[in-house]
Amino acid sequence: PLQRGLYNPSIAGFGIDTVYYIFTTSGGCIDSVKAPITIKARPRATFTIAPSGCLNTLGTANFTSNASVPNSSVSNYAWQFESPSTAPSTLSNLPNPPYNFSEGNYLTVLTTTGSNGCVFDTSVNISITKAPNIPPLRAIDTCETVAPFT
């Protein structure tokens, strides 16, 4: 995974690889060295949001992280719920947090950290709508001869 003298660990993938360095002097002499490199796995993370569609009148959405780290474990969750207004973002470090939204469009970011120190961000733009807040109906007694009403 070498491109123009730069080693790219994301192309190599996690595991053990070998890095080679070849040097040529101006006089044409060539020498080389090699060394093993251990590439630690980054977290793999996605998340789901429930319910889909309209949220309850409080705007409660439940987030579920599907994060894992090959050959390691997730040591930290950092959720950022962006506000559509000028208010600061809200943060959570729970693996599966609930969050109460107002209606609007939001960017939600999950940053996961593996116990190996590697970090990964994933984000989703979501559009929030709430169910209408309808007061309960009361029982009405009427006669069948009464005019229609609303």
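Above: the structure in question.
Residue numbering note: each chain is counted from 1, following its sequence as written. At least 70 in pLDDT is required for a residue's local features to be given in this predicted model, at least 80 for side-chain atom pairs to be given and counted, and no such filter applies to totals for whole chains, interfaces and linings, which use all residues. Processing note: side-chain calculations cover all non-hydrogen atoms of the structure and skip hydrogens and water entirely.

Things to note about the nonpolar core
Move 1: Think of a nonpolar core as a cluster: buried Ala, Val, Leu, Ile, Met, Phe, Trp, Tyr and Cys residues, connected wherever their side-chain atoms sit within 4.5 Å. Remark: exposure states derive from per-residue accessible area (1.4 Å probe, protein chains only) relative to the maximum for the residue type, with buried under 20%, exposed over 50%, and partly exposed in between. Grouped together as the largest cluster of nonpolar side chains are 18 residues, with contacts concentrated most on Phe63, Trp79 and Phe101.
Move 2: Labels follow the DSSP assignment, with helices taken as runs of H or I lasting at least four residues and strands as runs of E lasting at least two, numbered in each case from the N terminus. Only strand 6 (60-65), strand 7 (74-81), strand 10 (104-114) and strand 11 (119-128) provide two or more residues apiece to this core.
Move 3: The element contributing the most residues to this core is strand 7, with four residues.

A few points about the side chain of threonine 113
Move 1: Along the chain, the position of threonine 113 falls in strand 10.
Move 2: Residue class for threonine 113 comes out buried when judged on its relative accessible area of 19%.

Describing unusual backbone geometry
Backbone geometry follows two general trends: most residues other than glycine have a negative phi, and most peptide bonds adopt the trans configuration.
Move 1: For the peptide bond that leads from alanine 50 to proline 51, omega is -5°, which places it in the cis range.
Move 2: Within the secondary structure, proline 51 is located in the loop between strand 5 (47-50) and strand 6.
Move 3: For asparagine 71, which is not glycine, the phi torsion reads 60° and is therefore positive.
Move 4: Locating asparagine 71 in the fold gives a position in the loop between strand 6 and strand 7.

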